[in-house]
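# Secondary and tertiary structure notes
The primary structure of each chain is shown beneath.
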Amino acid sequence: MIDLMNRNRALRIGQLTLKVGGVVVGLVFTLIATFRDLITASDSPTQEDDVLGSSIRGGDLNFRTGKFDDGTDPAGWYGRD
């Protein structure tokens, strides 16, 4: 009879361990997903927003767009009026 009670106790401990382990694994995956979303959502400048990068490339200053280009924009102007 005591042998049956000991096996029952071992089964309960095993079930509790599995439940706690499942919760811990779920929390770990949630944290990983959150960090992944934070890293991918960071603001990185696009080519249009990169004013310094466009000025380093050289060319003529297009006063309509405020960026340097090759001087072929038909709607832009390249000298002070």
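The model shown is predicted, which means the values in this text are computed figures rather than measured ones. Going along each chain's sequence as written, the residues are numbered from 1 onward. Local features are withheld for residues below a pLDDT of 70 in this predicted model, meaning they are given only at 70 or higher, and side-chain atom pairs are given and counted only at 80 or more; totals for whole chains, interfaces and linings count all residues. Side-chain measures here rest on the full set of heavy atoms in the structure, leaving out hydrogens and waters.

On to the overall build of the protein. What the protein contains, in helices and strands, is 2 helices and 2 strands. To qualify as a helix, a DSSP run of H or I must reach at least 4 residues; to qualify as a strand, a run of E must reach at least 2; elements of each kind are numbered from the N terminus. Along the protein, helices (α) and strands (β) appear in the sequence α-α-β-β when read from the amino end. Only protein chains enter the accessibility calculation, which uses a 1.4 Å probe; a residue is then buried when its area is under 20% of its type maximum, exposed when over 50%, and partly exposed in between. For the protein, buried positions account for 6% of its 81 residues. When contacts within the protein are restricted to residue pairs at least 6 apart in sequence, long-range pairs at least 24 apart make up 0% of them. When the accessible surface of the protein is summed, it comes to about 7,200 Å², and 64% of that surface belongs to carbon and sulfur atoms. Should any heavy atoms of two residues lie within 4.5 Å, those residues are counted as being in contact. We get accessible surface area from the Shrake-Rupley algorithm with a probe of 1.4 Å; when it comes to residues, only the shown protein chains can shield them.

Turning our eyes to something else, we now look at the confidence of the model for the protein. The predictor rates its confidence in each residue with pLDDT, a number between 0 and 100. When pLDDT is averaged along the protein, the result is 77; 70% of the residues meet or exceed 70. Looking at the elements of the protein, mean pLDDT is at its lowest for helix 2 (residues 51-56), recorded as 52, and at its highest for helix 1 (residues 2-40), recorded as 86.

Salt bridges, as used here, are contacts in which a Lys or Arg side-chain nitrogen is within 4 Å of a carboxyl oxygen on Asp or Glu. In the structure shown here, the tally under the stated rule is 2 salt bridges. Put simply, Asp37 and Arg36 hold a salt bridge, and the shortest N to O gap is 3.4 Å. Its relative accessible area of 42% is what places Asp37 among the partly exposed residues. A salt bridge links Asp73 to Arg64; the nearest nitrogen and oxygen atoms lie 2.4 Å apart. Overall, the relative accessible area of 41% leaves Arg64 in the partly exposed class.

What follows concerns a nonpolar patch on the surface. A surface patch of nonpolar side chains, about 650 Å² in accessible area, is lined by Leu16, Val20, Val24, Val25, Val28, Phe29 and Ile32. If you trace the backbone, Leu16 turns up in helix 1. Taking relative accessible area as the criterion, Leu16 reaches 55% and is therefore assigned exposed. Residues qualify for a patch when their relative accessible area is over 30% and they have no salt bridge, like charges being joined within 9 Å and the nonpolar side chains of Val, Leu, Ile, Met, Phe, Trp and Tyr within 5 Å.

The next thing to look at is the side chain of Asp73. Assignment of secondary structure puts Asp73 in the segment after strand 2 (67-69). Within the structure, the side chain of Asp73 is placed 2.4 Å from the side chain of Arg64, a separation counted as a polar contact. Ignoring sequence-local partners within four residues, the contact set of Asp73 consists of Asn62, Arg64, Thr65 and Tyr78. Residues adjacent in sequence count toward polar contacts only when both atoms are side-chain atoms; beyond that, a polar contact is any pair of N or O atoms within 3.5 Å, and within protein one must be able to donate a hydrogen and the other to accept it.

Below, the discussion takes up the side chain of Asn62. Tracing the chain through its elements places Asn62 in strand 1 (residues 60-62). Among the polar contacts listed, one links the side chain of Asn62 to the backbone nitrogen of Arg64, at a separation of 3.0 Å. Within the structure, the side chain of Asn62 is placed 2.9 Å from the side chain of Asp73, a separation counted as a polar contact. Apart from the residues within four sequence positions on either side, Asn62 is in contact with Lys67, Asp69, Asp73, Gly76, Trp77 and Tyr78.

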